[in-house]
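# Inside the fold
The primary structure of each chain is shown beneath.
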Amino acid sequence: EALGARRDPARAGGGGGVMDEVVQREAADQVSVAAFVGWLFSILSLVVYMAWAATPDALLQAAGVTYYPSRDWAISLPAYVLVLFPLYLLLFTGLTMLRMPSFSSFYSIVDEHTISAPHVDGLFASKHHVPDVGDMPIGAVGRMYQQSSGRLRALPTA
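Residues numbered from 1 in each chain as written. Predicted model: local features only at pLDDT ≥ 70, side-chain atom pairs only at ≥ 80, totals over all residues. Heavy atoms only, no water.

## As for the overall build of the protein
If you tally the helices and strands in the protein, you get 4 helices and 0 strands. The buried share of the protein, taken over its 158 residues, is 9%. In the structure as shown, the protein presents an accessible area of about 13,400 Å², 67% of it carried by carbon and sulfur atoms. (Helix = DSSP H or I, 4+ residues; strand = E, 2+ residues; numbered from the N terminus. Buried < 20%, exposed > 50% of the residue type's maximum accessible area, 1.4 Å probe, protein only. Areas by Shrake-Rupley, 256 points an atom, 1.4 Å probe, with all protein chains shown as cover.)

## Side note on the pattern of salt bridges
Under the definition given, this model contains 2 salt bridges. The partner of Arg-25 in a salt bridge is Glu-21, and the shortest N-O contact between them spans 2.9 Å. One end of the pair is Arg-25 and the other is Glu-21, both in helix 1 (residues 17-54) and 4 residues apart, which spans about a single turn. In this structure Glu-21 comes out as buried when scored by relative accessible area, which is 9%. In this structure, the salt-bridge partner of Asp-57 is Arg-71, at a minimum N-O distance of 3.0 Å. Here Asp-57 is found in helix 2 (residues 57-62), whereas its partner Arg-71 is found in the loop between helix 2 and helix 3 (73-99), with 14 residues between them in sequence. Judged by relative accessible area, Asp-57 falls into the partly exposed class, the value being 38%. (Salt bridge = Lys/Arg side-chain N within 4 Å of Asp/Glu carboxyl O.)

## Details of the confidence of the model for the protein
The pLDDT averaged across the protein works out to 77; a share of 77% of its residues lies at or above 70. For the protein, per-element mean pLDDT is lowest for helix 4 (residues 138-147), which scores 73, and highest for helix 3, which scores 93. In this model residues 1-14 is a low-confidence stretch, pLDDT under 50, and it forms 14 contacts with partners more than four residues away in sequence or in other chains. (pLDDT = per-residue confidence, 0-100. Contact = heavy atoms within 4.5 Å.)

## A short note on the packing of aromatic side chains
Counted under the stated rule, the structure contains 5 aromatic pairs. Centroid distance Tyr-49 to Trp-52: 5.7 Å. Interplanar angle 55 degrees. Geometry classified as tilted. Residue Tyr-49 and its partner Trp-52 are both found in helix 1; the two are separated by 3 residues, about one turn of the helix. With a centroid separation of 6.2 Å and 35 degrees between ring planes, the pair formed by Trp-73 and Tyr-80 is classed as tilted. An aromatic cluster of at least three residues, connected via ring pairs, comprises Phe-85, Tyr-88 and Phe-92. (Phe/Tyr/Trp six-rings, centres within 6.5 Å; stacked < 30°, edge-to-face > 60°.)

## Thoughts on a nonpolar patch on the surface
On the surface, Trp-73, Leu-77, Tyr-80, Val-81, Val-83, Leu-84, Leu-87 and Leu-90 cluster together into a nonpolar patch covering about 830 Å² of accessible area. Structurally, the position occupied by Leu-87 is in helix 3. Residue Leu-87 is classed as partly exposed on the basis of its relative accessible area, which comes to 46%. (Patch = residues over 30% accessible without salt bridge, like charges linked within 9 Å, V, L, I, M, F, W, Y side chains within 5 Å.)

## Things to note about the side chain of Thr-55
For Thr-55, the position within the fold is in the loop between helix 1 and helix 2. Taking the relative accessible area as the measure of exposure, Thr-55 reaches 17% and is therefore buried. Engagement of the side chain of Thr-55 in a polar contact is seen with the backbone oxygen of Ala-51, the distance being 2.5 Å. Apart from the residues lying within four places of it in its own chain, the contact partners of Thr-55 are Leu-60 and Arg-71. (Polar contact = N/O pair within 3.5 Å; in protein donor to acceptor, adjacent residues only side chain to side chain.)

Below is the structure:
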């Protein structure tokens, strides 16, 4: 495939498409190299860890290795990781929940992404009408709930 053969159809006008593609390919190559180096480092770390954990002290001293951590860490380190990872997940889940507005807050109903439905009354009056996309006001939802004798009105089927 030629270097400039594919262009993004969503991009408007000229705008140096060949150079953009070269920059994107270079960035992708950098990410690939970084991922490969990370993979190599993790494999090397695992091999060194397993060698340290499984090699007898006499063999390490014969190889000239005189200082290394206590073998207790061969069990303690994975145990710490196995305990701390779920705690990490719980901590950030809890922090996310603390930052969320309460259910009674106005911001849990309306935010900057709200698209108000233009015609709320009679929204489901016709079986053959597809309503416009939009967020229904909480008052309209409450009225529909009350009108349907304690349960939400089902969407009409064709």
